[in-house]
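Residues per chain, in single letters:
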Amino acid sequence: DYLQLISENPNSHNNGRSKIHSETTKALKQLAKELDVPVLLLARLPAPCCDRANKYPTLGDLSFINEIEDVADTILLLFSHEKYLEENFPLRTTEESEKEFTIRHDGWCKNLERVRSQVNVIIAKNSNGPEGTVILSLNAFGLENFHPMV
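Residues numbered from 1 in each chain as written. Predicted model: local features only at pLDDT ≥ 70, side-chain atom pairs only at ≥ 80, totals over all residues. Heavy atoms only, no water.

### A closer look at the nonpolar core
Working step 1: Membership of the largest hydrophobic core is limited to nine residues, which are Leu62, Ile68, Ala72, Ile75, Leu77, Phe79, Tyr84, Ile122 and Ala124.
Working step 2: Broken down by secondary-structure element, the contributors of at least two residues to this core are β1 (74-79) and β2 (118-126).
Working step 3: No other element matches β1, which puts three residues into this core.
Working step 4: In contact with Tyr84, other than residues within four places in its own chain, are Cys50, Lys55 and Phe79. (Core = buried A, V, L, I, M, F, W, Y, C linked by side-chain atoms within 4.5 Å. Buried < 20%, exposed > 50% of the residue type's maximum accessible area, 1.4 Å probe, protein only. Helix = DSSP H or I, 4+ residues; strand = E, 2+ residues; numbered from the N terminus. Contact = heavy atoms within 4.5 Å.)

Written out as structure tokens, the structure reads:
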């Protein structure tokens, strides 16, 4: 599951979700070191980041997890333009002609087709390598294309 669904340790004397998240991330980091294996921790971003004009996630969106930047070796953020384009289906305004609307609608369709099934993987923190964005194109069989964008 993801971080927010991990329940509180009954032996813990700390209160509050933020402290629970911090304890969990530290414990998982320690487990990774002890077992010498990578640990993947998933977390959902809070709703307010979806309310802003630029929906692209940033490290700041993880501020609800204290010390995540200090504990994690790598932080990946996922983003799909497709979802937000679909939500903004163009409607004809009273001021625009049929031709103007058709041009705008066709542009929207082309943009949607361009980003369909793409996921931007934002490498927001990488202690052992470069940061940047990678675009993954997915199809019914899995990964189709890999486009690094540093």
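On we go.
### Quick notes on the environment of Val71
Working step 1: As for its placement among the helices and strands, Val71 is situated in helix α3 (residues 68-71).
Working step 2: On a C-alpha basis, the gap between Val71 and Lys26 in space is 6.6 Å, while along the polypeptide they are 45 residues apart.
Working step 3: When sequence neighbours within four positions are dropped, the list of residues in contact with Val71 reads Thr25, Lys26 and Lys29.

### Re the pattern of salt bridges
Working step 1: Counted according to the given criterion, the structure contains seven salt bridges.
Working step 2: We note a salt bridge from Glu98 to Arg92, for which the minimum N-O separation is 2.8 Å.
Working step 3: A relative accessible area of 46% places Glu98 in the partly exposed class.
Working step 4: Judged by relative accessible area, Arg92 falls into the partly exposed class, the value being 44%.
Working step 5: Overlapping salt bridges bring together Glu82, Glu86, Glu113 and Arg116 as one network. (Salt bridge = Lys/Arg side-chain N within 4 Å of Asp/Glu carboxyl O.)

### Examining the pairing of β2
Consecutive side chains of a regular strand alternate in pointing toward one face of the sheet and then the other.
Working step 1: With eight of its nine residues buried, β2 lies for the most part within the structure.
Working step 2: Bridge count between β1 and β2: six bridges; the pairing is antiparallel. What sits directly across from Phe79, in β2, is Asn120.
Working step 3: Bridging between β2 and strand β3 (residues 132-139) involves six bridges; their strand directions are antiparallel. Within the sheet, the bridge partner assigned to Ile123 lies in β3 and is Gly132.
Working step 4: The turn linking β2 back onto β3 is made up of five residues. (Pairing = 2+ DSSP bridges.)

### Regarding unusual backbone geometry
Working step 1: If you check the backbone angles, Asp36 has positive phi at about 55° while not being a glycine.
Working step 2: Looking at where Asp36 falls in the secondary structure, it is placed in the loop between α1 (17-35) and α2 (48-51).
Working step 3: A positive phi is found at Ser117, a non-glycine position, where the angle reads about 65°.
Working step 4: Looking at where Ser117 falls in the secondary structure, it is placed in the loop between α5 (98-115) and β2.

### Quick notes on the packing of aromatic side chains
Working step 1: Scanning all chains against the criterion turns up three aromatic pairs.
Working step 2: Taking the centre distance of 5.0 Å and the plane angle of 80° together, the rings of Phe89 and Trp108 count as edge-to-face. Of this pair, Phe89 sits in the loop between α4 (81-87) and α5 while Trp108 sits in helix α5, and the two are 19 residues apart along the sequence.
Working step 3: The partly exposed category is assigned to Phe89, whose relative accessible area is 43%.
Working step 4: The structure contains a cluster of three or more aromatic residues connected by ring pairs, namely Tyr56, Phe79 and Tyr84. (Phe/Tyr/Trp six-rings, centres within 6.5 Å; stacked < 30°, edge-to-face > 60°.)

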